[in-house]
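Listed below, chain by chain, are the residues.
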Amino acid sequence: MRLVVGYPPGGPNDLLARIVAPKLAALLKQAVIVENRPGSNSEIAAGLVAKANPDGYTLLFASSGAISISPGLGRQLPYDARTDFAPVSIVGSGPMLLVVKPDLPASSPAELIALAKARPGKLNGASAGSGSSPHLALELFRAMAKLDFVHVPYRGAGPAFADLVAGQVDFYFGGLPTALPQVRAGKLRALAVTSTTRSGIAPEIPTLNEVALPGYDASIWYGIFAPVGTPPGVVARLHAAVTEATRDPDVRRHFATHGADPLESPRDDFVRFIAQDIDKWTRVVRDAGIKVE
């Protein structure tokens, strides 16, 4: 079996796939090989799996970017996220972390919102690029708090973090495993996580949902998908195996080290969730007027 990942080795998608793969192999009594097909925010990998033989031997390990966000960005994709896949199972999710430069006079989300309202158009919110998950988290924050600030897109998280630490931009929504060490080293200040529940590895940090913006949720979720047309019995067997794998104590412990919480749900709930998530981020893109070439 191939578990196709749309990012290079070493990133969150790859690492989580490599945690799950050995457990799936043991449960299914079948070798499971993680295959990296990076490029275009996982869209190349998703297109490959969408066109694969629907026999259950080629699966996609994807995050919300390729499935929920990309369809709303107006680009021509090599797949249709709504119709080209048989969703197998959600695997887990991880929040982003709202961080600010150390000298910004805001120690809570409420203080950041008040500061932005007092200085309309003056604060700078960085992102890892237009249409990226951090950008969409930023735009959801803007819309729900009714703020006016400047979006500064970067080519990836690294440059955005570097300029934030250097004080060139004011705030950023970054991946928890990358942002948290900067916070604990005193280089950045953490205000909130973007999930609806607190993170297991940083329970002291509140959620935006609980302290400032009820209903705010910009978690990055991860799931496994088969090509549409995969026999229902095969999909059901795969779902059962993924669910059992995510309950494994070793999997849960390793997920936590990468800032992710294992999740499970009935398959029908996952299918409904995906449809709702695509609609949600399509609205955010439309309302923010995001254009991505």
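Here the structure is a predicted model, which is why all the values come from computation and not from measurement. (Residues numbered from 1 in each chain as written. Predicted model: local features only at pLDDT ≥ 70, side-chain atom pairs only at ≥ 80, totals over all residues. Heavy atoms only, no water.)

Colleague: How should I be thinking about the pairing of strand 2 (residues 33-36) in this particular structure?
Modeller: As paired elements, strand 1 (residues 2-5) and strand 2 share four bridges and run parallel to each other. The residue of strand 2 that forms the bridge with Val4 is Glu35. In this view, the connection linking strand 1 to its parallel neighbour strand 2 by way of helix 1 (residues 12-28) has right-handed handedness. (Pairing = 2+ DSSP bridges. Helix = DSSP H or I, 4+ residues; strand = E, 2+ residues; numbered from the N terminus. Right-handed = clockwise from strand over helix to strand, strands pointing away.)

Colleague: Before we go on, may I ask you to explain the sheet that holds strand 1 in this structure?
Modeller: Spatially, the six strands line up as an open sheet ordered 2-1-3-10-4-11, and their pairing is mixed. Among the strands making up the open sheet, the edge pair consists of strand 2 and strand 11 (261-262). In this sheet, strand 3 (residues 58-63) lies alongside strand 1 in parallel orientation, the contact comprising four bridges. From the neighbouring strand, Val5 faces strand 3, where its bridge partner is Phe61.

Colleague: It is not clear to me how the sheet that holds strand 7 (residues 150-153) should be interpreted in this structure. Could you clarify?
Modeller: Strand pairing in a sheet takes place through backbone hydrogen bonds and is either antiparallel or parallel in direction. One open sheet holds the five strands; their spatial order is 7-6-8-5-9, and the pairing between them is mixed. The open sheet has two edge strands, strand 7 and strand 9 (189-193), and neither has a second partner. The sheet shows a mean angle of 30° between the axes of neighbouring strands, taken without regard to direction. Taken together, the five bridges between strand 5 (residues 96-100) and strand 8 (residues 171-175) define a ladder with antiparallel strand orientation. The partner of Leu98 across the bridge, within strand 8, is Phe173. Against the sheet, helix 5 (residues 133-145) contacts strand 5, strand 6 (124-127), strand 7 and strand 8, and its axis sits at roughly 135° relative to strand 8. (Axes fitted to C-alpha atoms, helices over the stretch in contact; angles between N-to-C directions. Contact = heavy atoms within 4.5 Å.)

Colleague: Please explain helix 6 (residues 157-165) as it appears in this structure.
Modeller: Residues of helix 6 that are buried: Ala160, Phe161 and Leu164. Around the axis of helix 6, the buried residues are gathered within 95° of arc, so they sit on the same side. Count one or two residues on from helix 6 and you reach Gly167, which has phi positive near 80°. (Buried < 20%, exposed > 50% of the residue type's maximum accessible area, 1.4 Å probe, protein only. Arc of directions from axis to C-beta.)

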